[in-house]
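Observations on chain architecture
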Amino acid sequence: MKELKDHIEDLNRDFNSLKEYNDEKFKDLEDRSMSRPELDERLDKITKGMDATQGKIDELQTKLNRPSLGDVADEQQEKVDAHKAAFSKYLRKGHHGLSPTESKTLSEGVGSQPADGGPMAPNEFIRELLRRLTNSNPIRQVCDVKTGQAKSIEIPARTVNLACDWVAEAATTSATQPTYALNTIAAFKLSALTPVTVELLEDAYFDVEAELTTDFAEAFADKEGEGILLGTGSGQPEGVIVNSDVPVVQDASTTTAVITAPTLIDAFYTLKGGYAANATWAMNMGTQGSLRGLTDDEGQYLWQPGLTGASPSTLLGRPIIVCDGMAALASDSKSIVVGDFKGYTVYDRLGMSVLRDDYTSAADGIVRFIAHRRTGGLTTDPSAFVVVQAET
């Protein structure tokens, strides 16, 4: 390492100075050409220089002897920084603004899947986007989220539980072997597009990365929230409402397009105790509004407002998440879901690409940015949920 070599040369140079000092010291003492304070000052300067150089050498050797740990390794960190810088320049100036080295760095990426439709975004950009996406998508916050690099993952699901019974002394205990099935969750391609004016990109004070992460996060959050609840399972996640194994409680009143208090109470208490304790309600804002006046047999309101802006409103003591994509109350509509959303698994495939399109809207002074990421989802525990359906 060049830096270590330079410090060793400095140390050798200081040591030679020390030897010269000792030789001159005896000579000067003999002919009294230099006073002792002058000699002492010179010695102090040499030894301090040697001590400082030796400290730098020790520090470098300790660093070199330390095992490399992924991103903290110098070489890897240099690649990460170079990729981040090239990506930032690409967003602002496009491919034509990159040097050949920067273009190569951008095309290779760091620690991610190959790009699909554009250069791979740096991990820091992806982490920030996922943070904002999670904050914008309350459904995702309560789900079981897993990540990986494969196109799909397999999640084991118990189909037959362990059996348990009282057994007399010395009697034979029957086998209680559970059985499992594997649920495969594929990651589907999700794309978002946002336009940015050329003037903004030319403005040095415009934070293009922050703007894109915000726009993409909001777009992804809306679509992923719909997928978790309403996805068809064909080319997109399978939603809770679509899963045929999730039980449905239908309103039994004679009025169509309404859901009554007894139906909500029945649905909530259909859940097993563990699921009910962690349950969350999901519905759109209009449906929530129609439930605010409902009371139980003792006149207690089922719906209660959140005590603070950060606290959600509750229904039967459990939080409500508003999802605009949920069906409005109508005849035979499945407008409400309640359950423990840890029974739904979201799978994020690592990596995300961002394509800069300079040409489609060039006449309007617009640059289009298109982000691609892959995600999927599946109801891995249907018994954790209940769907509430309005009267026909």
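Below, the structure is looked at part by part. All residue numbers here refer to positions counted from 1 along the written sequence of the relevant chain. Reporting in this predicted model follows two pLDDT cut-offs: at least 70 for local features of residues, and 80 or more for side-chain atom pairs to be given and counted; totals over whole chains, interfaces and linings ignore these cut-offs and use all residues. As a rule here, side-chain values come from all non-hydrogen atoms in the structure, and water together with hydrogens is ignored.

**Brief notes about the sheet that holds strand S13 (residues 385-389)**
Pairing between two strands requires that DSSP report at least two bridges joining them. Helix and strand assignments follow DSSP, with helices taken as H or I runs no shorter than four residues and strands as E runs no shorter than two, numbered in order from the N terminus. Strand order in the open sheet made by the 7 strands is S5-S13-S10-S6-S9-S8-S7, with mixed pairing throughout. Pairing within the sheet leaves two strands with one partner each, and these edge strands are strand S5 (248-250) and strand S7 (303-304). Sheet topology note: the strand S6 (residues 280-283)/strand S9 (residues 318-322) ladder contains 3 bridges and is parallel. Looking at S9, one finds that tryptophan 281 is bridged to isoleucine 320.

**Brief notes about unusual backbone geometry**
Of note, leucine 316 is a non-glycine position whose phi angle comes to about 55 degrees, a positive value. Buried, partly exposed and exposed residues are distinguished by accessible area as a fraction of the type maximum, computed with a 1.4 Å probe on protein chains only: under 20%, between the cut-offs, and over 50%, respectively. Residue leucine 316 is classed as partly exposed on the basis of its relative accessible area, which comes to 23%. Residue aspartate 332 is not a glycine yet carries a positive backbone phi of 70 degrees. By secondary structure assignment, the location of aspartate 332 is in the loop between S9 and strand S10 (334-339).

**Structural notes on the packing of aromatic side chains**
Ring pairs are drawn from Phe, Tyr and Trp, using the six-membered ring of Trp, whenever the two centres fall within 6.5 Å, and their geometry is named by plane angle: stacked under 30 degrees, edge-to-face over 60, tilted for the rest. This model, assessed by the stated rule, comprises 5 aromatic pairs. Measuring from centroid to centroid gives 5.3 Å for phenylalanine 87 and phenylalanine 125, while their planes differ by 65 degrees, and the two rings are edge-to-face. Of this pair, phenylalanine 87 sits in helix H3 (residues 74-93) while phenylalanine 125 sits in helix H5 (residues 123-136), placing them 38 residues apart in sequence. The interplanar angle of 90 degrees and the centroid separation of 5.2 Å between the aromatic rings of phenylalanine 268 and tyrosine 269 together place this pair among those described as edge-to-face. A ring has a charge above it when a Lys NZ or an Arg CZ is no more than 6 Å from the ring centre and no more than 35 degrees off the ring normal. The ring of phenylalanine 220 is capped by arginine 373, whose NZ or CZ atom sits 5.6 Å from the centre of that ring.

**With respect to H5**
A helix is expected to reach a length of 1.5 Å times the quantity of its residues less one. The terminal C-alpha atoms of H5 lie 20 Å apart, and with 14 residues this matches the ideal 20 Å at 1.5 Å per residue to within 8%. Those residues of H5 that fall on the buried side of the exposure criterion are Phe125, Ile126, Leu129 and Leu133. End-on, the buried residues of H5 take up no more than an arc of 95 degrees, which puts them together on one face. When the buried face of H5 is taken as reference, the exposed residues oriented beyond 90 degrees from it are Arg127 and Asn135. The directions from the helix axis to the C-beta atoms form the arc being described.

**Let's talk about the pattern of salt bridges**
For this document, the term salt bridge refers to a Lys or Arg side-chain nitrogen within 4 Å of an Asp or Glu carboxyl oxygen. One pass over the full model with this rule turns up 12 salt bridges. Of the charged contacts, one joins glutamate 124 and lysine 84 as a salt bridge, the two residues approaching to 3.0 Å between their closest N and O atoms. Taken together, the residues glutamate 124 in helix H5 and lysine 84 in helix H3 connect sequence positions 40 residues apart. Taking the relative accessible area as the measure of exposure, glutamate 124 reaches 45% and is therefore partly exposed. Close ionic contact of glutamate 224 with arginine 140 constitutes a salt bridge, the shortest N to O distance being 3.0 Å. Placement of glutamate 224 in helix H8 (residues 208-230) and of arginine 140 in helix H6 (residues 138-142) is noted, with a sequence separation of 84 residues between them. Judged on exposure class, the residue glutamate 224 and its partner arginine 140 are both buried. Overlapping salt bridges bring together Arg140, Glu224, Asp348 and Arg373 as one network.

**Some points on the side chain of arginine 356**
You can see arginine 356 is positioned in strand S11 (residues 344-357). Relative accessible area serves as the criterion here: at 11%, arginine 356 is assigned to the buried category. A polar contact is formed between the side chain of arginine 356 and the side chain of aspartate 358, at a distance of 2.8 Å. If we ignore the near neighbours within four places in the chain, the residues touching arginine 356 are Tyr90, Leu91, Arg92, Lys93, Gly94, Leu201, Val367, Arg368 and Phe369. Polar contacts, as used here, are pairs of N or O atoms within 3.5 Å; protein pairs need one atom able to donate a hydrogen and one able to accept it. Residues neighboring in sequence count only if both atoms are side-chain atoms. Contact definition: two residues touch when any of their heavy atoms are within 4.5 Å.

**Notes on the packing of H3 against helix H4 (residues 100-108)**
At a minimum axis distance of 9 Å, the contact between H3 and H4 shows a crossing angle of 105 degrees. Judged by the inter-axis angle, H3 sits roughly perpendicular to H4. For the pair formed by H3 and H4, the contact residues are Ala82, His83, Ala86, Phe87, Lys89 and Tyr90 on the first element and Glu102, Thr105 and Leu106 on the second. When the residues that make up the contact of H3 with H4 are grouped by side-chain class, the tally is 5 nonpolar, 2 polar and 2 charged. Here, axes are lines fitted to C-alpha atoms. For helices the fit covers the stretch in contact, and angles between N-to-C directions go from 0 to 180 degrees. Comment on the angle field: the value is read as roughly parallel under 35 degrees, roughly antiparallel over 145, roughly perpendicular from 65 to 115, and oblique elsewhere. Polar here means any residue outside two lists: the nonpolar Ala, Val, Leu, Ile, Met, Phe, Trp, Tyr, Cys and Pro, and the charged Asp, Glu, Lys and Arg; Gly therefore counts as polar.

**Focus on the nonpolar core**
Nonpolar core, defined: a set of buried Ala, Val, Leu, Ile, Met, Phe, Trp, Tyr and Cys residues in which side-chain atoms within 4.5 Å join the residues together. In terms of nonpolar packing, the biggest core is built from 41 residues, with Leu264, Trp281, Leu315, Val337 and Phe341 touching the most fellow members. The residues contacting tryptophan 281, other than those within four sequence positions of it, are Leu264, Phe268, Leu315, Leu316, Arg318, Pro319, Ile320, Ile321, Ile336, Val337 and Val338.

**Here we look at the packing of H3 against H8**
Contact pair H3 / H8: the axes reach a minimum separation of 10 Å and the direction vectors enclose 85 degrees. The orientation of H3 with respect to H8, classified from their angle, is roughly perpendicular. Here Ser88, Leu91 and Arg92 of H3 come into contact with H8, specifically with Val208, Glu209 and Leu212. Here the residues of the contact of H3 with H8 sort into 3 nonpolar, 1 polar and 2 charged.

**Some remarks on the environment of leucine 230**
For leucine 230, the position within the fold is in helix H8. Overall, leucine 230 belongs to the partly exposed group, its relative accessible area being 29%. For the pair leucine 230 and isoleucine 241, spaced 11 residues apart in sequence, the C-alpha to C-alpha distance is 5.9 Å. Apart from the residues lying within four places of it in its own chain, the contact partners of leucine 230 are Gly239, Ile241, Val242, Gly325 and Met326.

**What to know about the side chain of histidine 372**
As for its position among the elements, histidine 372 is in strand S12 (residues 366-379). At 2.6 Å, the side chain of histidine 372 forms a polar contact with the side chain of serine 191.

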